[in-house]
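Chain residues, written in single-letter form:
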Amino acid sequence: MTVRTRFAPSPTGYLHIGGLRTALYAYLFAKKNGGVFILRIEDTDQARYVEGAIEKIYSGLKLAGLNWDEGPDIGGDYGPYVQSERKDMYLPYAKQLVESGHAYYCFCTKDELEARRAEVEARGETFKYDKHCLHLDKDEVQRKLAEGHPYVIRQNIPESGEAGFDDVIYGRIDVDCSELDDTVLIKADGMPTYNFANVIDDHTMGITHVMRGNEYLSSTPKYNLLYEAFGWEKPVYIHLTPVMKDATRKLSKRYGDPGFEDLLAQGYLAEAIVNYVALVGWSPGDDREFFTMDELIEAFGIEGLSKSPAIFDEVKLRWMNAEYIRKLSPEDYIRHAEPHLAEADVAHMDKAILARILQPRTEIFTDITGMVDFLAKLDEDYSIDLFTNKKSKTNAEVCRDVLADVIPKLGALPDWTEECLHDFLIGYAAEHGMKNGTLLWPVRIAMSGRSVTPGGAIEIAALLGRDEAMRRLNFGLEKLSFSLV
RNA sequence: GGCCCCUUGGUCAAGCGGUCUAAGACACCGCCCUUUCACGGCGGUAACAGGAGUUCGAGUCUCCUAGGGGUCACCA
């Protein structure tokens with residue numbers, strides 16, 4: 001039998017990290033088993049529909065490399081793949097359940113229920129629908145339907161006995177039927193609820209393995225009751241733990257946690273995010289941490305899925321992203337870095353040097369601007385304390401003397417290339433019996449106005465070009481001389 | 001609150017009754033490399049939530065407690 005999994009988001013916003021991971025696992029499981037991965041849109045709640053959300057789901061999944069085999073945009077043999085377009089399919093199934101006594105019409109209005117709920121909760125008890133409409137006699141139901149009273153269809157849950165299911169990760173889970181409420185299957189607007197639609201759709205679409213967040217753990221017994229009422233074969237259930245922000249909070253948009261595309265915009269690589277997210281709640285069972293999508297497919301297995309929630313660690317994601325960035329070719333690195341170099345106004349400088357000094361230092365691409373903006377413009381207010389460095393044996397006075405002596409010689413250099421600068425400066429230090437640092441420290445500080453820079457004096461000088469480098473050196477010397485008077 | 005689920009270092013995690021004086025990674029700390037910072041190399045600190053059982057033997061099985069999560073909608 002062909003494995004068929006699905007990712008079934010509702011179009012209420014962007015693709016969040018938890019959703020990405022659920023989709024990833026469903027995709028990996030399908031591909032691992034030579035199966036089919038399906039995208040289905042669950043939009044039965046028109047009130048929550050967000051414009052453009054479906055497009056964000058499409059683009060997010062594509063960017064992540066999760067290509068679906070069947071879905072709203074590409075079709076398939078089990079379409080349509082949008083629940084609102086399947087609206088007419090659900091009512092007949094619900095009526096079938098009414099016929100068999102597994103469901104019933106309910107005419108209680110929202111207001112009535114609200115009032116009863118408030119009353120019960122005021123007593124500190126949990127509200128549960130009292131099956132009031134189950135006891136309506138047939139004629140009365142027919143009369144109300146004929147009169148056009150609004151109605152919902154509710155699942156008729158047995159008053160006693162047990163309901164349960166087997167989950168691959170959690171094992172057998174049983175619950176007393178008395179704990180279960182008579183869930184609404186068909187809403188007054190004719191739309192099915194999620195609870196009903198997911199069962200009908202999973203069955204009619206031939207889904208073999210249901211992977212979803214474990215917030216559905218407690219309602220799954222009810223779904224199983226539905227499968228039994230229809231006499232359908234049940235899917236294999238695989239409930240996934242949530243991705244957490246910290247020990248007590250789920251990662252969520254409401255608290256401003258970034259979604260997949262936010263992370264991309266922050267300068268994370270899609271491959272790195274996918275790789276990291278795969279490892280949040282799943283382990284290959286060995287030491288490997290770096291995976292291409294194909295390697296993930298090869299390594300994936302439900303045995304490696306975790307039972308307990310996992311905290312999303314952005315620090316580790318940063319590290320992994322940096323690893324991915326370092327593996328980029330210089331050309332690919334520059335391609336990704338380009339917009340940020342432009343933002344810092346240094347895009348006209350030597351790309352090879354920029355790539356060489358920046359690539360090992362970039363954790364996320366948005367770091368770049370802050371690392372190189374000094375190249376475009378020197379902050380002339382830098383403190384002369386920067387010239388003091390113990391390890392390089394420098395202080396303001398030493399730096400003034402060094403600069404005073406070396407500047408004219410730099411100015412007389414025949415070429416202003418890295419090689420030329422390197423040979424001259426290193427040779428100069430050796431000649432004068434000083435540490436490289438004693439010479440290079442003041443040069444770098446004067447050219448950057450920063451204590452920390454990507455690259456050293458030589459690379460910075462080459463990037464700035466002779467004129468600007470000389471200007472900054474002279475400015476630094478003046479600044480030192482002035483303060484030492 | 002009822003019901004269900006979870007619990008190995010700060011974080012992700014390996015571990016499926018003996019090989020656990022508990023792996024690996026991130027983070028952190030130290031050292032080395034070095035013209036700053038990174039990169040790279042080497043090393044270090046750090047965990048089986050607590051308590052009862054079962055067993056010759058428990059991180060691994062059972063129960064209880066504690067903590068955390070989920071769910072109790074005409075939302076998904």
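See the structure printed just above.
Residues numbered from 1 in each chain as written. Chains lettered and ligands numbered in written order. Predicted model: local features only at pLDDT ≥ 70, side-chain atom pairs only at ≥ 80, totals over all residues. Heavy atoms only, no water.

Asks: Can you walk me through the overall build of chain A in this structure?
Replies: For chain A, the count of helices and strands is 19 helices and 11 strands. In summary, chain A has a C-alpha radius of gyration of 33 Å against a globular reference of 23 Å for 485 residues, an excess of more than 25%. Each principal axis of the C-alpha atoms in chain A carries an extent, and together these give about 105 × 50 × 35 Å. For chain A, the proportion of its 485 residues judged to be buried stands at 49%. (Helix = DSSP H or I, 4+ residues; strand = E, 2+ residues; numbered from the N terminus. Rg over C-alpha atoms; globule rule 2.2 N^0.38 Å. Buried < 20%, exposed > 50% of the residue type's maximum accessible area, 1.4 Å probe, protein only.)

Asks: What exactly am I supposed to notice about the protein's contact with RNA strand B here?
Replies: Around RNA strand B, 62 residues are found, and the nearest of them are T44, R117, G281, R361 and G455. Taken together, the sugar and phosphate atoms account for 69% of what RNA strand B places within 4 Å of the protein. G456 has a polar backbone atom sitting 3.1 Å from a base oxygen of RNA strand B. Note that a base oxygen of RNA strand B is positioned 3.1 Å from one of the backbone N or O atoms of A457. Of all elements in the fold, only α4 (110–122), β6 (171–176), α6 (194–204), β11 (310–311), α11 (314–327), α17 (436–448) and α18 (457–464) reach the threshold of two or more residues within the surface near RNA strand B. Across the surface near RNA strand B, the residue classes tally to 24 nonpolar, 19 polar and 19 charged. (Near = heavy atom within 4 Å. Polar contact = N/O pair within 3.5 Å; in protein donor to acceptor, adjacent residues only side chain to side chain. Nonpolar A, V, L, I, M, F, W, Y, C, P; charged D, E, K, R; others polar.)

Asks: What exactly am I supposed to notice about the sheet that holds strand β7 (residues 184–186) here?
Replies: Sheets are built from strands that pair by backbone hydrogen bonding, the pairs being arranged parallel or antiparallel. Spatially, 3 strands are ordered β3-β4-β7 in an open sheet, and the strand pairing comes out antiparallel. Only two strands of the sheet have a single neighbouring strand rather than two, namely β3 (103–106) and β7. On average, each strand axis in the sheet is inclined to that of its neighbour by 40°, with strand direction left out of account. Bridging between strand β4 (residues 152–155) and β7 involves 2 bridges; their strand directions are antiparallel. Bridge pairing links R154 to V184 in β7. The sheet strands contacting helix α3 (residues 87–99) are β3, β4 and β7, and the helix crosses β3 at an angle near 105°. (Pairing = 2+ DSSP bridges. Axes fitted to C-alpha atoms, helices over the stretch in contact; angles between N-to-C directions. Contact = heavy atoms within 4.5 Å.)

Asks: How do you make sense of the packing of aromatic side chains when you look at a structure like this?
Replies: Taken as a whole, this structure holds 20 aromatic pairs when the rule is applied. Ring centres of F290 and W319 lie 5.6 Å apart, and the angle between their planes is 55°; on these two criteria the pair is classed as tilted. In this pair, F290 sits in the loop between α9 (270–278) and α10 (293–299) while W319 sits in helix α11, placing the two residues 29 residues apart along the sequence. For F290, a relative accessible area of 27% corresponds to the partly exposed category. Ring centres of F424 and Y428 lie 5.8 Å apart, and the angle between their planes is 50°; on these two criteria the pair is classed as tilted. (Phe/Tyr/Trp six-rings, centres within 6.5 Å; stacked < 30°, edge-to-face > 60°.)

Asks: Teacher, can you tell me more about the pairing of strand β9 (residues 236–240) here?
Replies: Every regular strand shows the same layout, with side chains that alternate between the two sheet faces. For β9, the buried fraction is high: 4 of the 5 residues fall into the buried class. Summarising the sheet, strand β8 (residues 209–213) and β9 pair through 5 bridges and their orientation is parallel. When the sheet's bridge partners are listed, V210 is paired in β9 with Y237. Once you follow β8 into helix α7 (residues 220–230) and on to β9, the crossover reads as right-handed. (Right-handed = clockwise from strand over helix to strand, strands pointing away.)

Asks: Explanation requested: the pattern of salt bridges in the structure shown.
Replies: Pairing is possible between side chains that carry opposite charge, provided their charged atoms lie close to one another. Applying the stated criterion across every chain yields a total of 31 salt bridges. In this structure, the salt-bridge partner of D286 is R288, at a minimum N-O distance of 3.2 Å. Residue R450 pairs with D373 through a salt bridge whose shortest N-O separation is 2.6 Å. Placement of R450 in the loop between α17 and α18 and of D373 in helix α14 (residues 367–376) is noted, with a sequence separation of 77 residues between them. Connected through shared salt-bridge partners, R6, R40, E42, R86, D201 and D202 make up one network. (Salt bridge = Lys/Arg side-chain N within 4 Å of Asp/Glu carboxyl O.)

Asks: Before we go on, may I ask you to explain the packing of helix α16 (residues 418–431) against α17 in this structure?
Replies: To describe two helices that pack against each other, one gives the angle between their axes and the distance between the axes. The geometry of α16 relative to α17 is characterised by a closest axis approach of 8 Å and an angle of 130° between their N-to-C directions. Comparing the axis directions of α16 and α17 gives the class oblique. The way α16 lies across α17 gives a crossing that is right-handed. Listed contacts from α17 to L425, I426, Y428 and A429 of α16 are N436, L439 and L440. The residue makeup of the contact of α16 with α17, split by class, is 6 nonpolar, 1 polar and no charged. (Parallel < 35°, antiparallel > 145°, perpendicular 65-115°, else oblique. Left-handed = near helix turned anticlockwise from the far one by under 90°.)

Asks: Would you mind showing me how to read the nonpolar core here?
Replies: When a protein is soluble and globular, its nonpolar side chains tend to lie buried together. Formed by 114 residues in total, the largest nonpolar core has its most connected members in L66, M211, L305, Y333, L375, L403 and L410. Top element by residues in this core is helix α1 (residues 17–32). It accounts for 10 residues. If we ignore the near neighbours within four places in the chain, the residues touching L305 are Y25, I169, M211, I238, L240, G281, W282 and F300. If you look at the next biggest cluster of nonpolar residues, it comprises 39 residues, including A94, A197, L226 and F230. (Core = buried A, V, L, I, M, F, W, Y, C linked by side-chain atoms within 4.5 Å.)

Asks: Can you help me understand the side chain of H340 in this one?
Replies: Within the fold, H340 resides in helix α12 (residues 330–343). Note on H340: relative accessible area 13%, which makes it buried. Excluding anything up to four places from it in sequence, H340 contacts F365, T366, I368 and T369.

No statement about biological role is implied by the geometric values presented.
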